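Analysis of the macromolecular model
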Amino acid sequence: SGGGGSSESTLSLDVNTNYLVTVGASGAGGTGIAYGNNGTIGGNSVFSTITSTGGGYGSAQFVGGTGGSGGGGNGGYSSNGGAAVTSPVVQGFAGGNAASGNPPERYAAGGGGGAGAVGNNGSVAGNREDPGNGGNGFTVSITGSSVTYAGGGGGSMYGINVPGTAGTGGSGGGGGGGTSSSNGVDGTTNTGGGGGGGFGYNATVGPASNGGSGGSGIVILRYVSTLTIILPGGGLVATTTTDGSDKITTFTAGTGNIQF
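Residues numbered from 1 in each chain as written. Predicted model: local features only at pLDDT ≥ 70, side-chain atom pairs only at ≥ 80, totals over all residues. Heavy atoms only, no water.

Focus on the sheet that holds strand S14 (residues 255–259)
The strands that make up a sheet pair up through hydrogen bonds in the backbone, lying either parallel or antiparallel. Let me state the cut-off plainly: One bridge is not enough; two strands pair if DSSP finds at least two bridges between them. In this description a helix means any DSSP run of H or I spanning at least four residues, a strand means any run of E spanning at least two, and both kinds are numbered starting from the N terminus. Only C-alpha atoms enter the line fits that serve as axes; for helices the fit covers just the stretch in contact. Angles between N-to-C directions range over 0 to 180 degrees.
An order of S3-S2-S1-S14-S11 is seen for the five strands of this open sheet, with the pairing classed as antiparallel. Because the sheet does not close on itself, it has two edges, and the strands there are strand S3 (50–52) and strand S11 (230–234). Strand-to-strand, the axes of this sheet are offset by a mean angle of 25 degrees, without reference to chain direction. Sheet analysis places strand S2 (residues 45–47) next to S3, joined by three bridges and oriented antiparallel. Considered in S3, the bridge of Val46 is made with Thr51.

Structure (structure tokens):
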């Protein structure tokens, strides 16, 4: 699956005024039965007027899902990766396309897009299949240290006991792709990273594995230390630290209003 979108802005806000915060929930990975079922798009993360869109699901049959970053294409159907949200601003990049070739039944899924780069296309050469790696995420330093978020998930293997390597997850929490005997790896919690693809074979004639779930989102606010955030309502989970003359409040779960 694709990583979530990454959105950074500077806002002018009022004190004693409610502002909505929502930490996007992780999208579920697809299930590897009946030639695969799509997972779900990740939840949006929101602060005030800023929305970062959840990542698109990896394709179970046709085009990968559209999201903050697009999901990768399905190997068995040689499908294209999903698009990224580009309006009103670019939040991420598209998922990679799948590839197919000879001998028969050689397919390579595309990697999910990341907030900093497109997902890599799958590659088939002779008997070898190499699914695409997830696109790298986007690095920000709002906390005072550089952290990368919203990497894409890696594409999964299709063939059984064939040469090749499942796709790796992109930097920023992307999970690695699965194989016929292992599920895709979940995206890292609170990074918006995409989950790795699953081996979506028909369970009645061959093995199957599931795609990894995406990593949940995160909302980080940096503001002058003379202010204090209060939570007038909602079930938000938050921690506050300091960096120089600023406070940094990090929200890791929930939705609700805050006030400065």
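More follows now that the structure is in view.
So, a nonpolar patch on the surface
The condition that has to hold: In this analysis, a patch consists of residues with relative accessible area above 30% that form no salt bridge, clustered at 9 Å for like charges and at 5 Å for the nonpolar side chains Val, Leu, Ile, Met, Phe, Trp and Tyr. Method for areas: the Shrake-Rupley scheme with a 1.4 Å probe, in which residue coverage is limited to the protein chains shown. Whenever Lys or Arg places a side-chain nitrogen within 4 Å of a carboxyl oxygen from Asp or Glu, that contact is recorded as a salt bridge.
Residues Phe62, Val63 and Tyr77 make up a contiguous nonpolar surface patch of roughly 330 Å² in combined accessible area. By secondary structure assignment, the location of Val63 is in the loop between S3 and strand S4 (99–101).

Some details on the layout of surface pockets
To keep things clear, this is the line we draw: Here a cavity is any set of points on a 1 Å grid over the protein atoms alone where a 1.4 Å probe fits but cannot get out, and a pocket is any open set with protein on both sides within 12 Å along at least 5 of 7 lines; a residue lines the site when it has an atom within 4 Å of a point. Grid points are joined across faces, edges and corners, and a volume is the space filled by probe spheres set on the points. As a working rule, the residues Ala, Val, Leu, Ile, Met, Phe, Trp, Tyr, Cys and Pro are called nonpolar, Asp, Glu, Lys and Arg charged, and the rest polar, with Gly in that last group.
Estimates place the volume of the second largest pocket at around 240 Å³. By residue class, the composition of the lining of the second largest pocket is seven nonpolar, seven polar and one charged.

Quick word on the pattern of salt bridges
All chains considered together, the criterion is met by three salt bridges. Asp243 is the salt-bridge partner of Arg222, the closest N and O atoms lying 2.8 Å from each other. Within this pair, whereas Arg222 is found in strand S10 (residues 219–224), its partner Asp243 is found in strand S12 (residues 237–243), the two being separated by 21 residues in sequence. A salt bridge links Asp246 to Arg222, with the shortest nitrogen-to-oxygen separation between them at 2.9 Å. Of this pair, Asp246 sits in strand S13 (residues 246–253) while Arg222 is found in strand S10, placing the two residues 24 residues apart along the sequence.

What to know about the sheet that holds S10
An order of S10-S13-S12 is seen for the three strands of this open sheet, with the pairing classed as antiparallel. Either end of the sheet is taken by a strand with one partner, and the two such strands are S10 and S12. Sheet twist, expressed as the mean angle between neighbouring strand axes with direction ignored, is 20 degrees. Pairing geometry for S12 and S13, over seven bridges, is antiparallel.

Comments concerning the packing of aromatic side chains
Here is the rule: Note on ring pairs: Phe, Tyr and Trp rings are taken, using the six-membered ring of Trp, and paired if centres are within 6.5 Å. Classes follow the plane angle, with under 30 degrees stacked, over 60 edge-to-face and the rest tilted. Per-residue accessibility, obtained with a 1.4 Å probe over protein chains only, is compared with the maximum for each type, and a residue is labelled buried under 20%, exposed over 50%, and partly exposed between these values.
The tally for this structure, following the rule as stated, stands at four aromatic pairs. On the basis of an interplanar angle of 45 degrees and a centroid distance of 6.2 Å, the ring pair of Tyr19 and Phe47 is categorised as tilted. With Tyr19 in strand S1 (residues 19–22) and Phe47 in strand S2, this pair connects stretches of sequence that are 28 residues apart. Here Tyr19 and Phe47 have matching classes, each one buried. In this structure an aromatic cluster arises from ring pairing among Tyr107, Tyr158 and Phe199.

Describing the nonpolar core
Keep this limit in mind: Each nonpolar core is a collection of buried residues, namely Ala, Val, Leu, Ile, Met, Phe, Trp, Tyr and Cys, held together in the definition by side-chain atoms within 4.5 Å. Residue contacts follow a heavy-atom distance rule, with two residues in contact if any of their heavy atoms lie within 4.5 Å.
Listed in full, the 12 residues of the largest apolar core are Tyr19, Val21, Val23, Phe47, Val219, Leu221, Tyr223, Ile229, Leu236, Phe251, Ile258 and Phe260. Among the elements of the structure, S1 and S10 are those that each provide at least two residues to this core. Top contributing element to this core by residue count: S10, with three residues. Setting aside residues up to four positions removed in sequence, Val219 forms contacts with Val21, Thr22, Val23, Ser45, Val46, Phe47, Thr249, Thr250 and Phe251. Counting residues in hydrophobic clusters, the runner-up holds six residues, among them Val140, Tyr149, Ala150 and Ile248.

Quick look at the environment of Thr40
We count it as follows: Polar contact is defined as a pair of N or O atoms within 3.5 Å, subject to the rule that within protein one atom must be able to donate a hydrogen and the other to accept it, and that residues adjacent in sequence are counted only when both atoms are side-chain atoms.
You can see Thr40 is positioned in the loop between S1 and S2. On the basis of relative accessibility, which here comes to 45%, the residue Thr40 falls in the partly exposed class. Each C-alpha atom of the pair Thr40 and Gly54 lies 9.7 Å from the other, and the pair is 14 residues apart in sequence. Setting aside chain neighbours within four positions, we find Thr40 in contact with Gly27, Ala28 and Tyr57. Among the polar contacts made by the side chain of Thr40, one reaches the main-chain amide nitrogen of Ala28 at a distance of 2.8 Å.

Section: unusual backbone geometry
Put simply, Ser87 and Pro88 share a cis peptide bond, and its omega is 5 degrees. When you line up the elements, Pro88 lands in the loop between S3 and S4. Residues other than glycine seldom take positive phi values, yet Ala150 does so here, at roughly 65 degrees. Along the chain, the position of Ala150 falls in the loop between strand S9 (147–149) and S10. At Asn190, a residue that is not glycine, the phi angle is positive and equals roughly 60 degrees.

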